[in-house]
Amino acid sequence: MSKIDDKCKELNRWFHDYVKSFYTNDAEVQRAMLMKEEHTSYVRDVARLLALHLKFSPHDATLAEIMGVLHDVGRFRQFTVYKTFNDAQSCDHAEMGLRVMDDEQLLDGFPDDDASLIRFAIQNHNKKVIAPAPSERALLFAKLLRDADKLDIYRVLEPFIGPPDGTGVSPDFRTRFVSGEQVDYTLIRTQDDRKLVRLMWVYDVNFVWTLRRIVERGYIEKIIDNLPHGDDEIKKGIVRLRAYVEQRLKEDK
């Protein structure tokens, strides 16, 4: 077994012990801890699967798995302190995660190049756009982690998607949805705004492999079915989105 495989096993064990340290009799907090623990397991597995699909080397596939394990370690401290996963109302959970990694010395023993890749991918997994990358390799890992994270967030959020509650869509969100632009999460004001953000993530999916699974699992159409009906601008955005998805799925690479 290679050294990085040993580190991966070690970090998986550390993660489960770390999460258990946040277990509590407070039902609300415990639900949050379990939800994020499960999410991390899914993202870890998806990251490895996507890395293998992209024909990463065994070393790099394991590195992708490690990124999945560590990507949300800041969430547990975040919710314990602030009682929310909303970064705008608390802290940037990626930055919190990097502090946890430093406090726990999780990257000690990694080659500098691997440690830098892990830090860059985690720092950028939740941002509106990826910061300028120091290398194409760093950019590739950041894209992979963002895809793995988004794919599972669709799963996590699916049970909470419901019909419009009457609060409507903010004008800026409507305009950006029609043009296929990403929006600043801090500007979310309504439940329908939140739905549009999830749909606009489609334009930020990096690999057809990921997009195909989002489509096959029905995540996109369920959100569309629960948007306000009769809004001509929203209809234009939906037409654009479906055309984009259809074209992307035709890609071979």
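It should be emphasised that the depicted structure is a prediction, and the values quoted were computed from it without experimental measurement.

> Kindly report on the overall build of the protein chain, identifying the contributing residues and their values.
Check the secondary structure of the protein chain and you find twelve helices and zero strands. N-terminal to C-terminal, the α/β element order of the protein chain is α-α-α-α-α-α-α-α-α-α-α-α. Relative to the compact-globule value of 18 Å for 253 residues, the protein chain shows a C-alpha radius of gyration of 19 Å, a close match. Overall, the protein chain is about 55 × 50 × 30 Å in size when its C-alpha atoms are taken along their principal axes. Across the 253 residues in the protein chain, those meeting the buried criterion constitute 50%. Accessible surface, the protein chain as shown: approximately 12400 Å² in total, 51% of it carbon and sulfur. Here the protein chain contributes 39 positive and 43 negative side-chain charges, whose respective centroids are spaced 2 Å apart.

> Explain the nonpolar core to me, and be specific about the residues and the numbers.
Ranked by internal contacts, the top residues of the largest apolar core, which has 76 residues, are Leu-70, Met-101, Ile-118, Leu-196 and Leu-199. Residue contributions to this core peak at nine residues, all from helix α7 (residues 136-157). Apart from the residues within four sequence positions on either side, Leu-70 is in contact with Leu-11, Trp-14, Met-101, Leu-106, Leu-107, Ile-118 and Ile-122.

> I'd like a rundown of unusual backbone geometry, residues and numbers included.
A positive phi angle, near 65°, is found at Lys-55, a position not held by glycine. Within the secondary structure layout, Lys-55 lies in the loop between α2 (27-53) and α3 (58-70). With relative accessibility at 73%, the residue Lys-55 sits in the exposed group. At Lys-83, a position not held by glycine, the phi torsion is positive, near 60°.

> Give me the lowdown on the pattern of salt bridges, citing residues and values where you can.
Close approach of charged atoms lets side chains of opposite charge pair. For the coordinates displayed, the defined rule picks out 20 salt bridges. Across the pair Glu-95 and Lys-127 runs a salt bridge whose closest N-O atoms are separated by 3.7 Å. Here Glu-95 is found in helix α5 (residues 93-103), whereas its partner Lys-127 is found in the loop between α6 (112-124) and α7, with 32 residues between them in sequence. Here Asp-152 ties to Arg-155 by a salt bridge, and the two come within 2.5 Å at their closest N and O atoms. One end of the pair is Asp-152 and the other is Arg-155, both in helix α7 and three residues apart, which spans about a single turn. On the basis of relative accessibility, which here comes to 3%, the residue Asp-152 falls in the buried class. The structure contains a network of salt bridges with shared partners spanning Glu-38, Asp-152 and Arg-155.

> Tell me about the side chain of Thr-40, and name the residues and values.
Along the chain, Thr-40 turns up in helix α2. A relative accessible area of 2% means that Thr-40 is categorised as buried. The residues touching Thr-40, leaving out its near neighbours within four places in the chain, are Phe-15, Gly-68, Val-69, His-71 and Asp-72.

> Which residues make up the packing of aromatic side chains, and what values do they have?
Scanning the entire structure with this criterion turns up ten aromatic pairs. Aromatic pair Phe-15 and Phe-76: ring centres 5.8 Å apart, planes at 65°, arrangement edge-to-face. Taken as a pair, Phe-15 in helix α1 (residues 3-20) and Phe-76 in helix α4 (residues 74-82) lie far apart in primary sequence, 61 residues in all. Look at Phe-76 and you get buried, because its relative accessible area is 0%. Lying over the aromatic face of Phe-85, Lys-36 brings its terminal NZ or CZ to 5.0 Å of the ring centre. Above the face of the Trp-201 ring, Lys-150 is positioned so that its terminal group lies 5.7 Å from the ring centre.

> Describe the side chain of Asn-226, listing the residues and the values that go with them.
Locating Asn-226 in the fold gives a position in the loop between α11 (219-225) and α12 (232-249). Take Asn-226: its relative accessible area is 13%, and that puts it in the buried class. In this structure, Asn-226 is in contact with Ile-161, Gly-162, Pro-163, Pro-164, Asp-192 and Lys-195, ignoring residues within four places of it in sequence.

> I'd like a rundown of the packing of α2 against α4, residues and numbers included.
Two numbers describe how α2 lies on α4: the axes approach to 10 Å, and their chain directions differ by 165°. Between α2 and α4, the crossing angle belongs to the class labelled roughly antiparallel. Here α2 runs over α4; the crossing is right-handed. Residues Glu-28, Val-29, Ala-32, Met-33, Lys-36 and Glu-37 of α2 form the contact with α4, whose participating residues are Arg-75, Phe-76, Phe-79 and Thr-80.

What counts and how
Residues numbered from 1 in each chain as written. Predicted model: local features only at pLDDT ≥ 70, side-chain atom pairs only at ≥ 80, totals over all residues. Heavy atoms only, no water. Helix = DSSP H or I, 4+ residues; strand = E, 2+ residues; numbered from the N terminus. Rg over C-alpha atoms; globule rule 2.2 N^0.38 Å. Buried < 20%, exposed > 50% of the residue type's maximum accessible area, 1.4 Å probe, protein only. Areas by Shrake-Rupley, 256 points an atom, 1.4 Å probe, with all protein chains shown as cover. Lys, Arg positive; Asp, Glu negative; His and termini not counted. Charge placed at Lys NZ, Arg CZ, Asp CG, Glu CD. Core = buried A, V, L, I, M, F, W, Y, C linked by side-chain atoms within 4.5 Å. Contact = heavy atoms within 4.5 Å. Salt bridge = Lys/Arg side-chain N within 4 Å of Asp/Glu carboxyl O. Phe/Tyr/Trp six-rings, centres within 6.5 Å; stacked < 30°, edge-to-face > 60°. Lys NZ or Arg CZ within 6 Å of the ring centre and 35° of its normal. Axes fitted to C-alpha atoms, helices over the stretch in contact; angles between N-to-C directions. Parallel < 35°, antiparallel > 145°, perpendicular 65-115°, else oblique. Left-handed = near helix turned anticlockwise from the far one by under 90°.

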